[in-house]
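Chains, contacts and geometry: an overview
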Amino acid sequence: MNSFEAEWILRVLDAVAAGVGIGFERHNHAKEAGIRTHALVALGSCVLMLISKYGFWEYGNPDPARVAAQVVSGIGFLGAGIIFVRHEVIQGLTTAAGIWTTSAMGMCFGAGMYELGFICFVTMFIIQIIFKKIFVFNAPKTSIHLKIYMQKDATGKDVSECLKNIGYSHTENTITSDGSDGWIMKTEIFTLRDIAPQKIVDSINALPCVYKVEVV
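Attention in this report is confined to the structure presented alongside it. Just so it is clear, the structure is predicted and the values come from calculations on it, not from any experiment. (Residues numbered from 1 in each chain as written. Predicted model: local features only at pLDDT ≥ 70, side-chain atom pairs only at ≥ 80, totals over all residues. Heavy atoms only, no water.)

1. Some details on the overall build of the chain
A tally of helices and strands in the chain yields 8 helices and 7 strands. Split into buried and exposed, the 216 residues of the chain put 36% on the buried side. Taking the intrachain contacts of the chain between residues at least 6 apart in sequence as the baseline, contacts between residues at least 24 apart amount to 67%. As displayed, the chain offers around 12,700 Å² of accessible surface, 63% of which is attributable to carbon and sulfur atoms. (Helix = DSSP H or I, 4+ residues; strand = E, 2+ residues; numbered from the N terminus. Buried < 20%, exposed > 50% of the residue type's maximum accessible area, 1.4 Å probe, protein only. Contact = heavy atoms within 4.5 Å. Areas by Shrake-Rupley, 256 points an atom, 1.4 Å probe, with all protein chains shown as cover.)

2. Let's talk about helix α5 (residues 93-110)
The end-to-end C-alpha separation of α5 is 26 Å, in line with the 26 Å expected for 18 residues at 1.5 Å each. Considered for burial, the residues of α5 that qualify are T95, A96, G98, I99, T102, S103, M105, G106, M107, C108, F109 and G110. After α5 finishes, the residue G112 shows a positive phi value of roughly 85°. (Expected span 1.5 Å × (residues − 1).)

3. Quick notes on a nonpolar patch on the surface
There is a patch of nonpolar side chains on the surface, built from V47, L48, I51 and F56 and spanning about 270 Å² of accessible area. Relative to the helices and strands, F56 is located in the loop between α2 (35-54) and α3 (65-74). (Patch = residues over 30% accessible without salt bridge, like charges linked within 9 Å, V, L, I, M, F, W, Y side chains within 5 Å. Salt bridge = Lys/Arg side-chain N within 4 Å of Asp/Glu carboxyl O.)

4. Structural notes on the nonpolar core
L146, I148 and I204 are the most contacted members of the largest nonpolar core, which has 18 residues in total. Counting only elements with at least two residues in this core, the list comes to β3 (142-150), α7 (156-165), β6 (183-191), α8 (197-205) and β7 (210-215). In terms of residue count, β3 provides more of this core than any other element does, 4 residues in total. When residues no more than four places from it in sequence are discounted, the contact partners of L146 are M185, K186, T187, I189, V201, I204, V213, E214, V215 and V216. With 13 residues, the next largest nonpolar core counts A15, A42, C46 and M105 among its residues. (Core = buried A, V, L, I, M, F, W, Y, C linked by side-chain atoms within 4.5 Å.)

5. Some words on the pattern of salt bridges
Inspection of the entire model under this criterion finds 2 salt bridges. E7 is paired through a salt bridge with R11; the nearest N and O atoms lie 3.0 Å apart. Separated by 4 residues within a single helix, E7 and R11 lie in helix α1 (residues 3-28), roughly one turn from each other. For E7, a relative accessible area of 27% translates into the label partly exposed. Residue R11 is classed as buried on the basis of its relative accessible area, which comes to 4%. A salt bridge links E214 to K212, with the nearest nitrogen and oxygen atoms 3.4 Å apart. Residue K212 is classed as partly exposed on the basis of its relative accessible area, which comes to 35%.

6. Structural notes on α2
Each α-helix turn comprises 3.6 residues. Residues three or four places apart therefore point the same way. Under the 1.5 Å per step criterion, the end-to-end length of α2 is 28 Å for 20 residues, consistent within 8% with the ideal 28 Å. Listing the buried residues of α2 in full gives H38, A39, V41, A42, S45, C46, M49, L50, S52 and Y54. Axial view of α2: buried residues confined to an arc of 170°, hence all on one face. Across from the buried face of α2, at angles greater than 90 degrees, the exposed residues are R36 and L40. (Arc of directions from axis to C-beta.)

7. Considerations on the packing of aromatic side chains
Per the stated rule, a full pass over the model turns up 4 aromatic pairs. With a centroid separation of 5.3 Å and an interplanar angle of 25°, the aromatic rings of W8 and Y54 are classed as stacked. Of the two residues, W8 sits in helix α1 while Y54 sits in helix α2, which places them 46 residues apart along the sequence. The exposure class assigned to W8 is partly exposed, which follows from its relative accessible area of 26%. Here Y54 falls in the buried class, since its relative accessible area comes to 14%. On the basis of an interplanar angle of 50° and a centroid distance of 6.0 Å, the ring pair of Y149 and Y211 is categorised as tilted. In this pair, Y149 is assigned in strand β3 and Y211 in strand β7, connecting sequence segments 62 residues apart. Since its relative accessible area comes to 9%, Y149 is described here as buried. (Phe/Tyr/Trp six-rings, centres within 6.5 Å; stacked < 30°, edge-to-face > 60°.)

As structure tokens, this is what we get:
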């Protein structure tokens, strides 16, 4: 093994170490992609960058950007797999962006740009940890399962509109008869405001189309 090949190993190890560091932070916040995912993304990106730069020399006049360019778009498939919408709130977007940036960081190490890779690593930590403490607004604060007893002339749409007007959202619901002339809607109510569940019950119970609310 010559010194040039030894440097390749150093680049790979640096990329994996940085990926583990980013993944550890994500793992501590119980995110979908953790240590192994970020380490593998950094490793794969670094190796592909090495292949792109040095893997085709024997053919003469190689294009070092050919393989590397595919990493930028190809990593999007991983990110798309962890983005989903729940309660009208997009979740997993930050983790997906982190995976994409981890890929870029791995490519930095693969290209031998150690300083840029390290700066990327530190900056990701600042964004993921410090910014999260400053800007905490991306998750529902309060969520409870309810049985909402509606008047006989009320509809599910009526209740949904009333909930929306007072600042609540809810998941898909089921509506059944209450055994008399009314209806029962079973649903999960959530709000971005950090308020007591009893206040949610009281505000819903005050709606003209509702005569009783129970917490499931």
